[in-house]
Amino acid sequence: MGRRGMVVSANPLASHAGLQMLAAGGNAVDAAIAAAVAITVVEPYHSSIGGVGIAVITLPGGETRTLNFLGCSPLAARPEGFTEKTRDVGVLAPMVPGNVAGWARIHDEYGSLPLAKVLEPAIELAERGSPVTIFDYVQSTKSIDRITPFPESVRTYLKNGRPYKPGESFSQPQLAASLRMLAADGWMSFYEGRIGRAMSKFLADRGGIITADDLRNYPGTLKWQTPVSAHYRGHEFRTPPPPSSAVQILQTLRILESFDLKAMDPLGPDYIGLVAEAIRLARMDAATHIADPLFVDVPLDWMLSDGRIAELRGVVSRRVKAALGKAGRGKAARSSASGRGRRGGAAAGRIRRAGTAPEQSTTHLGAADGSGLAVNITQTIGGGYGSGVVVGDTGIVLNNGHFWCTRITGNHKVIASNERRASPSSPLHTFPADGPPVRPTHSFGIDCLGPAHATRRGRLAFIIGTPGSYGIPQTTAQMILGLVEFGRTIQDAIAAPRFRWKDDVGDPLPPAVILLEGRYPNAVRKALASRGYRLEILEDWSMVVGGGQGVLFREDGWMQGGGDPRRNSYALGW
């Protein structure tokens, strides 16, 4: 809880970095950027200054803007130049890194503290080291094969050829030196200065295709955009436009609005079946239509139109009814077989233990202050340790953004020069929809962190987001339903059991298997299987269904932060 500010991230050290900015007189943007850089130091398997991201920011007056810095393919990128392996690991896999350009735009326009101050916590963590947790050790171990082919990466992330163990201190002096260059030379030194020159030379010497021109030209391509929005149960939800597939969240909510979810048990089979069917249809619309709108016409208006939503609701209703009918027929068949003294009836669904899922490495964080300023960022390097490639002696690991593209000519997600990757990253801001945004009526204190008091009408209700690859829109929708339908606290909405369709890169579409956390009761699993659903049971707390962070803005002026127990997440209030 906090009144002056709140920072939420996937690691307590990153959250503390943000809190330090608030304590130093900074605002929510200073806090978010400090946390965003710090998280790349303490969780390099999930995030990097060589990664990409997307942000949503709401200003004190109520205006919301989005910024897409998901990188782009270099000018020389052609689908025939990649193999399945090289688009995932190695020097061809990275897209032009976007994180630094995105952070720079947000901080330059809306931050209040000097860049050197904002980078201080990350520099200290890299230089003096951070303690390794069990979570860190597990994640590093899962991704070790991605970095072992590259000597620079082995030197950076391994100790005597093995991952750092829990309790050991992990320092990155070369990354600290690169961050000091940014602090001294400015953000753009990453693209035009010493770091940019080192990056382009390193890649050119090893057959990479990101050039000095690609790096130099990228920051100028970033543009603030108006969010895509939709209403649900008296709330307005604002999300990034394509190539983010955040519209999938809005479709899911609009489909569900005609159903009485509050009358259902949120852990029961009726609720799970209904929500899963809505998610499935929205997922397929996103898979079919979402791509970079600079290259493809994305029919957003149609996807959110009353006609399309009504059509999808009809399909959901029919599929739910058919599933219930299947369960009834299966029960009757079993009853009849029992009367003949033997078991019978056709097997409807199935329940299996889920296998090991590939590590898709993304993180989410957010910050808010008492002025009404709030920002949340979803940033990623793609797979565990991204491309696996650390650039020379910079300590910077690069993303593997091309893994989320295709080599199939004619496909709207094909690798193409200067094209941005379609992404499920979906940071989201939510407002009560009962009036226009209003400024705080007054503010106490001598700086922008004074607790602001305002009418509830038109003010932020909550900000939320999660990692999780193509599960991001699915997880985000479930957290929202917990808040809006069932009145959960932000922490309970994040921690509640979750599910998702098995629909990641390489999985067949339409998805046919539901991944269910192990905390759902056996009776629920059996009921879903009887309705024809194929289930795979995850661990009780599984990162496969994300790692959400959020801030809820209460009517009494307090902010309530929540972090996901599935990770090292932590919320800190000021």
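Draft legend 1. Layout of the overall build of the protein chain. Helices and strands together make up the secondary structure of the protein chain, namely 17 helices and 23 strands. Against the 2.2 N^0.38 benchmark of 25 Å for 574 residues, the protein chain shows a C-alpha radius of gyration of 23 Å, consistent with a compact globule. Across its three principal directions, the C-alpha atoms of the protein chain cover 80 × 60 × 50 Å. For the protein chain, the residues scored as buried account for 61% of the 574 residues in total. Within the protein chain, counting contacts between residues at least 6 apart in sequence, those at least 24 apart form 73% of the total.

Draft legend 2. Highlighting the sheet that holds strand S20 (residues 534-537). With respect to topology, 4 strands assemble into an open sheet ordered S11-S20-S19-S18, the strand pairing being mixed. The open sheet has two edge strands with one neighbour each: strand S11 (350-353) and strand S18 (499-501). Ignoring which end each strand starts from, the neighbouring axes of this sheet average 25° apart.

Draft legend 3. Fine view of the sheet that holds strand S21 (residues 549-553). Ordered in space as S9-S10-S14-S17-S21-S22, the 6 strands form an open sheet in which the pairing is antiparallel. Of all the strands in the sheet, the pair left with one neighbour each is strand S9 (228-232) and strand S22 (559-563). For this sheet, the mean angle separating the axes of adjacent strands, direction not counted, is 20°. Where S9 lies against strand S10 (residues 235-239), 5 bridges are found, and the strand directions are antiparallel. Bridge assignment links Tyr232 to a residue of S10, and that residue is His235. Strands S9, S10 and strand S14 (428-432) of the sheet are contacted by helix H11 (residues 247-256), whose axis makes an angle of about 20° with S9. Here helix H15 (residues 472-484) sits on the sheet in contact with S9, S10, S14, strand S17 (462-465) and S21, set at roughly 150° to S17.

Draft legend 4. Spatial organisation of the side chain of Gln248. Following the sequence through the fold, Gln248 ends up in helix H11. Relative accessible area serves as the criterion here: at 2%, Gln248 is assigned to the buried category. The contacts of Gln248, once residues within four sequence positions are left out, are Ile279, Ala282, Arg283, Ala286, Pro473 and Gln474.

Draft legend 5. Spatial organisation of the side chain of Glu517. The residue Glu517 is located in the loop between strand S19 (513-516) and helix H17 (522-530) in this model. Within polar-contact distance, the side chain of Glu517 engages the backbone nitrogen of Arg498 at 3.0 Å. Engagement of the side chain of Glu517 in a polar contact is seen with the backbone nitrogen of Ser542, the distance being 2.8 Å. If we skip the residues at most four places from it in the chain, Glu517 touches Ala496, Pro497, Arg498, Leu538, Glu539, Asp540, Trp541, Ser542, Val545 and Arg566.

Draft legend 6. Structural detail: the pairing of S22. Extensive coverage of S22 is indicated by the burial of 5 of its 5 residues. A two-sided burial pattern is seen for S22, the buried positions comprising Met559, Gly561 and Gly563 on one face and Gln560 and Gly562 on the other. As paired elements, S21 and S22 share 5 bridges and run antiparallel to each other. Opposite Leu552, over in S22, you have Gln560 as the bridge partner. Adjacent in sequence and paired antiparallel, S21 and S22 are bridged by 5 residues, among which Gly557 carries a positive phi angle near 95°.

Draft legend 7. Structural detail: the packing of aromatic side chains. Here the structure, examined in full by the defined rule, presents 12 aromatic pairs. Through a chain of ring-to-ring contacts, three or more aromatic side chains come together here, namely Tyr45, Phe135, Tyr157, Tyr164, Phe170 and Tyr385. The positively charged end of Arg238 is found above the aromatic ring belonging to Phe431, 3.8 Å away from the centroid.

Draft legend 8. Structural view of the packing of helix H4 (residues 115-128) against helix H8 (residues 173-185). Following both chains from N to C, one finds H4 and H8 inclined at 170°, their axes separated by 8 Å at the closest point. Here H4 lies roughly antiparallel to H8, going by the angle between them. In this structure, H4 uses Leu115, Ala116, Leu119, Ala122, Ile123, Ala126 and Glu127 to contact H8, whose residues at the interface are Pro173, Ala176, Leu179, Arg180, Leu182 and Ala183. Residue classes in the contact of H4 with H8 are distributed as 11 nonpolar, no polar and 2 charged.

Draft legend 9. Quick peek at the packing of helix H2 (residues 28-42) against H4. Put simply, H2 and H4 touch, their axes get as near as 8 Å, and they point 15° apart. Relative to H4, the element H2 is oriented roughly parallel. Relative to H4, the crossing made by H2 is right-handed. The residues of H4 that touch H2, namely those facing Asp30, Ile33, Ala34, Val37, Ala38, Val41 and Val42, are Val118, Leu119, Ala122, Leu125 and Ala126. Looking at the contact of H2 with H4, its residues break down into 11 nonpolar, no polar and 1 charged.

Draft legend 10. How the structure looks around H11. Among the 10 residues in H11, 10 count as buried, and that is most of the element. Those residues of H11 lying buried are Val247, Gln248, Ile249, Leu250, Gln251, Thr252, Leu253, Arg254, Ile255 and Leu256.

Draft legend 11. Here's a closer look at the pattern of salt bridges. With the rule as written, the count across this model stands at 34 salt bridges. Linking Arg65 and Glu63 is a salt bridge whose minimum nitrogen-to-oxygen distance equals 3.8 Å. For Arg65, a relative accessible area of 22% corresponds to the partly exposed category. Each member of the salt-bridge network shares a partner with another, and the members are Arg498, Glu517, Arg519, Asp564 and Arg566.

Draft legend 12. Representation of the state of the cysteines in the model. The tally for this structure, following the rule as stated, stands at 0 disulfides. Unpaired in this structure, Cys72 has its nearest cysteine sulfur neighbour in Cys405, at a distance of 11 Å. For Cys405, a relative accessible area of 12% gives the class buried.

Draft legend 13. Summary view of helix H3 (residues 99-110). With 12 residues, H3 extends 16 Å between its outermost C-alpha atoms, agreeing within 8% with the 16 Å of an ideal straight helix rising 1.5 Å per residue. Counting buried residues in H3 gives 9 out of 12 residues, a clear majority hidden from the surface. Along H3, the residues that are buried comprise Asn99, Val100, Ala101, Gly102, Trp103, Ala104, Ile106, His107 and Tyr110.

Draft legend 14. View of the environment of Gly563. Relative to the helices and strands, Gly563 is located in strand S22. For Gly563 and Leu179, which are 384 residues apart along the polypeptide, the C-alpha to C-alpha distance reads 27 Å. Gly563 has contacts with Gln491, Ile494, Gly548, Gln549 and Ser569, leaving out every residue within four places of it along the chain.

Draft legend 15. Quick look at the environment of Ser229. Secondary-structure assignment places Ser229 in strand S9. Residues within four places of Ser229 in sequence aside, it is in contact with Glu236, Phe237, Arg238, Leu250 and Leu304.

Criteria and cut-off values
Residues numbered from 1 in each chain as written. Predicted model: local features only at pLDDT ≥ 70, side-chain atom pairs only at ≥ 80, totals over all residues. Heavy atoms only, no water. Helix = DSSP H or I, 4+ residues; strand = E, 2+ residues; numbered from the N terminus. Rg over C-alpha atoms; globule rule 2.2 N^0.38 Å. Buried < 20%, exposed > 50% of the residue type's maximum accessible area, 1.4 Å probe, protein only. Contact = heavy atoms within 4.5 Å. Pairing = 2+ DSSP bridges. Axes fitted to C-alpha atoms, helices over the stretch in contact; angles between N-to-C directions. Polar contact = N/O pair within 3.5 Å; in protein donor to acceptor, adjacent residues only side chain to side chain. Phe/Tyr/Trp six-rings, centres within 6.5 Å; stacked < 30°, edge-to-face > 60°. Lys NZ or Arg CZ within 6 Å of the ring centre and 35° of its normal. Parallel < 35°, antiparallel > 145°, perpendicular 65-115°, else oblique. Nonpolar A, V, L, I, M, F, W, Y, C, P; charged D, E, K, R; others polar. Left-handed = near helix turned anticlockwise from the far one by under 90°. Salt bridge = Lys/Arg side-chain N within 4 Å of Asp/Glu carboxyl O. Disulfide = S-S within 2.5 Å. Expected span 1.5 Å × (residues − 1).

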